[in-house]
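Chain by chain, the residues run as shown.
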Amino acid sequence: MQVGGVRSAIVGFDDFGLADLLNPAITVVAQDPAGLGRTAAELLFRRLTGETGPVERIRLPTLIPRGSGELPPLA
C-alpha cells in the first residue's frame, strides 16, 4: 500500500471479516480466546496436580500474514 508515494505496512489487531477481501489483504494479529483458555487451563491443572518446574512462556500463533504488513528491511 502506498500513501503519498511512501510504501506503508498495515497490520490490524483482531481478525475481521473483510481483512482478506481488501486489496491488499490486511495482515492481522488474531485472537483465539478458546486456545488461550485451553492453554491456561492445562497449565493450571498441571500445577494443581503437583507438577513443579520453571515458569513457562508459551506463545500461541496469532499472526495471519496476508500481504499488507510485510515490508523488506530498509537498506
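Residues numbered from 1 in each chain as written. Predicted model: local features only at pLDDT ≥ 70, side-chain atom pairs only at ≥ 80, totals over all residues. Heavy atoms only, no water.

## So, the overall build of the chain
Inference 1: Counting its regular elements, the chain contains one helix and five strands.
Inference 2: N-terminal to C-terminal, the α/β element order of the chain is β-β-β-β-α-β.
Inference 3: Since a compact globule built from 75 residues should have a radius of gyration of about 11 Å, the 18 Å found for the chain marks it as more spread out than a globular shape.
Inference 4: Each principal axis of the C-alpha distribution contributes one length, and for the chain these read about 60 × 35 × 15 Å.
Inference 5: Each of the 75 residues in the chain was classed as buried or not, and the buried ones make up 13%.
Inference 6: Contacts in the chain between residues at least 24 apart in sequence constitute 53% of all its contacts with a sequence separation of at least 6.
Inference 7: Here the chain has roughly 6000 Å² of accessible surface; of this, 62% comes from carbon and sulfur atoms.
Inference 8: Computed over 7 positive and 8 negative side-chain charges, the separation of the two mean positions in the chain equals 6 Å. (Helix = DSSP H or I, 4+ residues; strand = E, 2+ residues; numbered from the N terminus. Rg over C-alpha atoms; globule rule 2.2 N^0.38 Å. Buried < 20%, exposed > 50% of the residue type's maximum accessible area, 1.4 Å probe, protein only. Contact = heavy atoms within 4.5 Å. Areas by Shrake-Rupley, 256 points an atom, 1.4 Å probe, with all protein chains shown as cover. Lys, Arg positive; Asp, Glu negative; His and termini not counted. Charge placed at Lys NZ, Arg CZ, Asp CG, Glu CD.)

## A closer look at a nonpolar patch on the surface
Inference 1: Among the surface-exposed residues, F16, L18, L21 and L22 lie close enough to one another that they form a single nonpolar patch of about 400 Å² accessible area.
Inference 2: Structurally, the position occupied by F16 is in the loop between β3 (11-13) and β4 (27-29). (Patch = residues over 30% accessible without salt bridge, like charges linked within 9 Å, V, L, I, M, F, W, Y side chains within 5 Å. Salt bridge = Lys/Arg side-chain N within 4 Å of Asp/Glu carboxyl O.)

## Things to note about the sheet that holds strand β5 (residues 63-64)
Inference 1: Here three strands make up an open sheet; going across it, the order is β3-β4-β5 and the pairing mixed. The strands lining the two open edges of the sheet, one partner per strand, are β3 and β5.
Inference 2: By the bridge criterion, three bridges tie β3 to β4 in an arrangement that is parallel. The residue of β4 that forms the bridge with V11 is T27. (Pairing = 2+ DSSP bridges.)

## Side note on the pattern of salt bridges
Should their charged atoms come close, side chains of opposite charge can pair.
Inference 1: A complete count under the given rule lists three salt bridges for this structure.
Inference 2: Here R66 ties to D15 by a salt bridge, and the two come within 3.1 Å at their closest N and O atoms. Of this pair, R66 sits in the segment after β5 while D15 is found in the loop between β3 and β4, placing the two residues 51 residues apart along the sequence.
Inference 3: Two residues, E51 and R46, come together in a salt bridge whose shortest N-O distance is 3.4 Å.

## Looking at the confidence of the model for the chain
Inference 1: Mean pLDDT over the chain stands at 82; residues scoring 70 or higher make up 91%.
Inference 2: Mean pLDDT values for the elements of the chain range from 62 in strand β1 (residues 2-3) up to 92 in helix α1 (residues 33-48). (pLDDT = per-residue confidence, 0-100.)

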